[in-house]
Amino acid sequence: MERRCPDCGVRMESVTLQTNGGYELQVISDEKRGGILGSLGMNERLDIQPVVCPECGLLRTYVEAE
Ligand SMILES: [Zn+2]
């Protein structure tokens with residue numbers, strides 16, 4: 001999906017956002033999952049899509065729709 005910078009109006013470019021250790025960031029929701037993961041008490045993990053504005057450098061992250 002195309003994202004546009006709210007300040008510049010130009011198309012934002014996809015980038016990879018990682019921790020210093022090279023792990024990709026995830027969103028952890030409070031919503032409990034069903035099935036095996038739910039029985040283990042794990043929360044739902046959602047991938048994120050970071051985008052950067054090439055004009056002003058604004059970084060935004062969106063939770064990826066499943
Ligand atoms: Zn911008």
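Residues numbered from 1 in each chain as written. Predicted model: local features only at pLDDT ≥ 70, side-chain atom pairs only at ≥ 80, totals over all residues. Heavy atoms only, no water.

Chemist: Before we move on, could you go through the coordination of the zinc ion and cite the residues and values that matter?
Modeler: Protein-derived ligands of the zinc ion are Cys 5 (SG), Cys 8 (SG), Cys 53 (SG) and Cys 56 (SG), with the metal-ligand distances lying across 2.3 to 2.4 Å. One way to put it: the four donor atoms around the zinc ion meet at angles of 105 to 113°, and that makes the site tetrahedral. Counting along the primary sequence, the residues that act as donors to the zinc ion give the motif C-x2-C-x44-C-x2-C. Here the residue Cys 8 occupies a position in the segment before strand 1 (13-14), and Cys 56 occupies one in the loop between strand 3 (43-52) and strand 4 (59-63), the gap between them amounting to 48 residues. A relative accessible area of 44% means that Cys 56 is categorised as partly exposed. (Donors = N, O, S within 2.8 Å, 3.2 Å for Na, K, Ca; no water. Tetrahedral: all angles 85-135°; square planar, octahedral: opposite > 155°, others 65-115°. Helix = DSSP H or I, 4+ residues; strand = E, 2+ residues; numbered from the N terminus. Buried < 20%, exposed > 50% of the residue type's maximum accessible area, 1.4 Å probe, protein only.)

Chemist: Just give me the short version of the packing of aromatic side chains, but keep the residues and values in it.
Modeler: Here the structure, examined in full by the defined rule, presents zero aromatic pairs. Over the ring of Tyr 62 we find Arg 3; its NZ or CZ atom is 3.5 Å from the centre of that ring. (Phe/Tyr/Trp six-rings, centres within 6.5 Å; stacked < 30°, edge-to-face > 60°. Lys NZ or Arg CZ within 6 Å of the ring centre and 35° of its normal.)

Chemist: Any details on the confidence of the model for the chain? Residues and values, ideally.
Modeler: On average, residues of the chain score 83 in pLDDT, and 79% of them are at 70 or above. Across the chain, the secondary-structure element scoring lowest on mean pLDDT is helix 1 (residues 35-39), at 57, and the one scoring highest is strand 1, at 96. (pLDDT = per-residue confidence, 0-100.)

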